[in-house]
Amino acid sequence: MAEKLRIQRKDIYEIEVNDNGDIISFALGDIELPFRLSEAYEDIDRIQQNLKQKLLVIEKQQDSRIKGSPMTKNQKAACEAQKQAFKDMRKAMDKFLGEGGCQKIFGDVNYFEMYTDLFEELTKKGEDGLSHLDRMKISNDSISERIQRKYSTHSGNQVI
């Protein structure tokens, strides 16, 4: 029988995200966390800009009715472009929120302002005057400070 080793994480920040009690969790000591947030934000912005461009191109194309469908060819193309864009944005945001994070927060509903709403909630000040991102100390500087504080006091070595 193999021996076991389990590390109990003490730096987990959890946010309840819906009325079902679902939570998203963040390991605050994860030095990649600010990068994942920045990457998600940039990816979503890029995907939204690409979608706007695609919709402009579709809008300028000659339109026609699709036999047996309530949609026109351009309407269908626009819906398909939006569907793919939202799928890509959910995937990008889940890099930060964790797998299935968007599903927990938004369910099956996609709407144009959903990521603006999410970022507003993450940065909204609570009763203590701090936002979720403030409480998570999610910046390269704060993570570096935490690492330096933790290791420089124990070992006497300066962490760069």
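Bear in mind the structure is a predicted one, so any value in this text is a computation, not a measurement.

Quick notes on the rules
- Residues numbered from 1 in each chain as written.
- Predicted model: local features only at pLDDT ≥ 70, side-chain atom pairs only at ≥ 80, totals over all residues.
- Heavy atoms only, no water.
- Helix = DSSP H or I, 4+ residues; strand = E, 2+ residues; numbered from the N terminus.
- Buried < 20%, exposed > 50% of the residue type's maximum accessible area, 1.4 Å probe, protein only.
- Contact = heavy atoms within 4.5 Å.
- Pairing = 2+ DSSP bridges.
- Expected span 1.5 Å × (residues − 1).
- Salt bridge = Lys/Arg side-chain N within 4 Å of Asp/Glu carboxyl O.
- 1 Å grid on protein atoms, 1.4 Å probe; cavity = no way out; pocket = protein on both sides within 12 Å on 5 of 7 lines; lining within 4 Å.
- Points joined across faces, edges and corners; volume = space filled by probe spheres on them.
- Nonpolar A, V, L, I, M, F, W, Y, C, P; charged D, E, K, R; others polar.

Novice: How do you make sense of the overall build of the protein chain when you look at a structure like this?
Specialist: Along its length, the protein chain carries 6 helices and 2 strands. Going from N to C terminus, the protein chain has its helices and strands arranged as β-β-α-α-α-α-α-α. The 160 residues of the protein chain split such that 28% are buried. Summarising the internal contacts of the protein chain: among those between residues at least 6 apart in sequence, 48% fall at separations of at least 24.

Novice: Help me understand the pairing of strand β2 (residues 23-27) in this model?
Specialist: On any regular strand, side chains alternate: one points to one face of the sheet, the next to the other face. Here strand β1 (residues 12-16) runs beside β2; their pairing, made up of 5 bridges, is antiparallel. Across the sheet, residue I15 finds its bridge partner in β2, namely I24. Linkage of β1 to β2, two consecutive antiparallel strands, is achieved through a turn of 6 residues, within which G21 is found at a positive phi near 85 degrees.

Novice: Quick question: what am I supposed to make of helix α2 (residues 73-97) here?
Specialist: Residues spaced three or four apart along an α-helix point in a common direction, a consequence of the helix completing one turn every 3.6 residues. With 25 residues, α2 should cover 36 Å at 1.5 Å per step; its first-to-last C-alpha distance of 36 Å lies within 8% of that length. Buried residues along α2 sit in contact with β2, α1 (33-60), α3 (101-106), α4 (114-123) and α5 (132-136). A positive backbone phi angle near 100 degrees is found at G98, which sits one or two residues after α2.

Novice: Explain the pattern of salt bridges here, please?
Specialist: If the charged atoms of two oppositely charged side chains come close together, the side chains can form a pair. The tally for this structure, following the rule as stated, stands at 7 salt bridges. For K95, the salt bridge goes to D43, with nearest N and O atoms at 3.6 Å. With K95 in helix α2 and D43 in helix α1, the pair connects residues that are 52 residues apart, well separated along the chain. The class of K95 is partly exposed, set by a relative accessible area of 39%. The class for D43 is buried, based on a relative accessible area of 15%. With its nearest N and O atoms 3.0 Å apart, the salt bridge here joins R135 to D128. Note on R135: relative accessible area 28%, which makes it partly exposed. Linked through salt bridges whose partners overlap, the residues forming this network are E39, D43, R46 and K95.

Novice: Would you mind going over the layout of surface pockets with me for this structure?
Specialist: Empty space among the atoms can be located by rolling a probe the size of a water molecule over them. Here the second largest pocket defines a volume of roughly 200 Å³. If you trace the second largest pocket, you find it lined by I15, V17, I24, I105, F106, D117, L118, E121, L122 and H132. Counting only elements with at least two residues in the lining of the second largest pocket, the list comes to α3 and α4. Ranked by residue count, the leading element in the lining of the second largest pocket is α4, at 4 residues. Taken together, the residues of the lining of the second largest pocket sort by class into 7 nonpolar, 1 polar and 2 charged.

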